[in-house]
Amino acid sequence: MENVIFQNKEWIDATWERVDKKLRKVAVRSRDKLPYTTIDGNHDNKAETNITWWTNGFWGGMMWLMYQGTRNEEYRKTARRSEEILDEAFKKYKNLHHDVGFMWHLVSGANYRITGNQESCVRNLYAASLLFSRYNIDGDYIRAWNGEEQAGYSIIDCLMNLPLLYWASDEIGDDRFRKIAMRHMDMAMRDHIRPDGSINHIVDHELDKVGVKQVIAGQGYGTDSCWSRGLAWAVYGAVISYIHTGKTEYLETAKKSADYFIGHCKKTDYLPLVDFGAPEAPVYYDSTAGVCAACGILEIAKYVSEEEGEEYTREAIRLLKACDEHFCNYDDKQDALVMMGTERYPHNEKAMKGVHIPIIYGDFFFVEALLKLKGNDFLIW
Ligand code: GLY
């Protein structure tokens, strides 16, 4: 019997070709930048405006993924350049936060694992130590952001920073990093992920004992709703923790959140809304949630029964095809690939500027998902 990937092979190969044809040009054009979004079709540059910005690793990470899929040297050169540019961020210690996983593991971690570069290994170990040091022993969580009023905050997004800790433990043969990552993952299952698989974005913890002071809506619509990208972080983050630890509860959690995600996307033709619990109108989409969740769902598919795996793969492909059809821009004169990303549910006019824009991690996860479908088993996380 033909499996679902085989049935979609023509679309997978053709889409990969289109992506490569475009990104080959963009990789050279944006070599000296750390892009976040675009202005009039051209990448902006966070290296100039905010070197410690949390998304600064996605561009280099995507270059490593393209290099894995093509072995085109231009991608490798741009990935290496982005790593050099990012060194400046290490000098701003007080501005760094828990997203050092996103920032360095996708760039230095990938470089080290692909090429064996020792300087990249050291950079990634420094980043891991920084993340490790943010663990609050009494409150039992990894602290997200800086500033006194945010001392008790953990956010669901942090699950995607944990691979940096798993890697560090493996690299130096010391379980300390892994144990902290698992403590945080266990906390997330208790305090962030609800019994139906939906999520709380921000949890404000007691500082000197284990306990929740309050739940905060964060980038979602409200405290009882479900921000879709936060849910995607939970789906992918939980399955990654399962892959690195073998703890079956993490896989069960990933499945529960994936089922919630898929169930809600079916209602909107696989085009994810920004929040699954927001009012029906106005309609705001977030392409980035769909492509990130698709990557997690494709990983889940590898660790369940063959029948279940086929079904998860089919759902991931539906999300990716919807993105391809409605959100992708293959014009190689424009720098962004995946349009219609949304930073947060817009409760006010100011937040509207982050609605339906291209965001670099939309491109990253679309590329990552295609690479998985092409059978490349390099897990960058
Ligand atoms: N980590 C912040 C976001 O997903 O927008």
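The structure presented is a predicted model; accordingly, all values stated were derived computationally and were not measured. (Residues numbered from 1 in each chain as written. Predicted model: local features only at pLDDT ≥ 70, side-chain atom pairs only at ≥ 80, totals over all residues. Heavy atoms only, no water.)

Trainee: With reference to specific residues and values, describe the sheet that holds strand 5 (residues 153-155).
Mentor: Sheet strands line up and pair through hydrogen bonds in the backbone, either parallel or antiparallel. As summarised here, the arrangement of the 3 strands in space is 5-6-7, forming an open sheet in which the pairing is antiparallel. Edge positions in the sheet fall to strand 5 and strand 7 (212-216), since each has one partner strand and no second. Mean inter-strand twist for the sheet, computed between neighbouring axes without regard to direction, equals 25°. Against the sheet, helix 9 (residues 176-191) touches strand 5, strand 6 (202-205) and strand 7, its axis set at about 105° to strand 6. (Pairing = 2+ DSSP bridges. Helix = DSSP H or I, 4+ residues; strand = E, 2+ residues; numbered from the N terminus. Axes fitted to C-alpha atoms, helices over the stretch in contact; angles between N-to-C directions. Contact = heavy atoms within 4.5 Å.)

Trainee: Which residues make up helix 8 (residues 162-172), and what are the values?
Mentor: Burial analysis of helix 8 places 8 of its 11 residues in the buried class, the great majority of the element. Considered for burial, the residues of helix 8 that qualify are Leu 162, Pro 163, Leu 164, Leu 165, Tyr 166, Trp 167, Ala 168 and Ser 169. Buried residues along helix 8 sit against helix 6 (100-115), helix 7 (118-132), strand 4 (141-142), helix 9 and helix 10 (228-245). Count one or two residues on from helix 8 and you reach Gly 173, which has phi positive near 65°. (Buried < 20%, exposed > 50% of the residue type's maximum accessible area, 1.4 Å probe, protein only.)

Trainee: Run through helix 13 (residues 306-326), naming residues and quoting values.
Mentor: Residues spaced three or four apart along an α-helix face the same direction, because each turn holds 3.6 residues. For helix 13, spanning 21 residues, the distance from its first C-alpha to its last is 30 Å, which sits close to the expected 30 Å at 1.5 Å a residue. Along helix 13, the positions that sit buried rather than exposed are Gly 309, Glu 310, Tyr 312, Thr 313, Glu 315, Ala 316, Ile 317, Leu 319, Leu 320, Ala 322, Cys 323 and Asp 324. Packed against the buried residues of helix 13 are helix 1 (4-7), helix 2 (9-29), helix 11 (248-265), helix 12 (287-300) and helix 14 (360-373). (Expected span 1.5 Å × (residues − 1).)

Trainee: How would you sum up the site of the ligand? Please name residues and give values.
Mentor: Around the ligand, the structure places Trp 54, Asp 157, Gln 219, Trp 227, Arg 229, Trp 233 and Tyr 361. Contact between the ligand and Gln 219: an oxygen atom at 2.7 Å from a side-chain N or O atom of the residue. Within the side chain of Trp 233, a nitrogen or oxygen atom sits 3.1 Å from an oxygen atom of the ligand. (Near = heavy atom within 4 Å. Polar contact = N/O pair within 3.5 Å; in protein donor to acceptor, adjacent residues only side chain to side chain.)

Trainee: Can you tell me about the pattern of salt bridges, naming the residues and giving the values?
Mentor: Applying the stated rule across the entire model yields 28 salt bridges. Residue Arg 229 pairs with Asp 286 through a salt bridge whose shortest N-O separation is 2.8 Å. Of the two residues, Arg 229 sits in helix 10 while Asp 286 sits in the loop between helix 11 and helix 12, which places them 57 residues apart along the sequence. One exposure class covers both Arg 229 and Asp 286, and it is buried. A salt bridge links Glu 299 to Lys 302, with the shortest nitrogen-to-oxygen separation between them at 2.9 Å. Overall, Glu 299 belongs to the buried group, its relative accessible area being 3%. Classification of Lys 302 by relative accessible area gives partly exposed; the value is 46%. (Salt bridge = Lys/Arg side-chain N within 4 Å of Asp/Glu carboxyl O.)

Remember, this is a structural readout, not a statement about activity or role.
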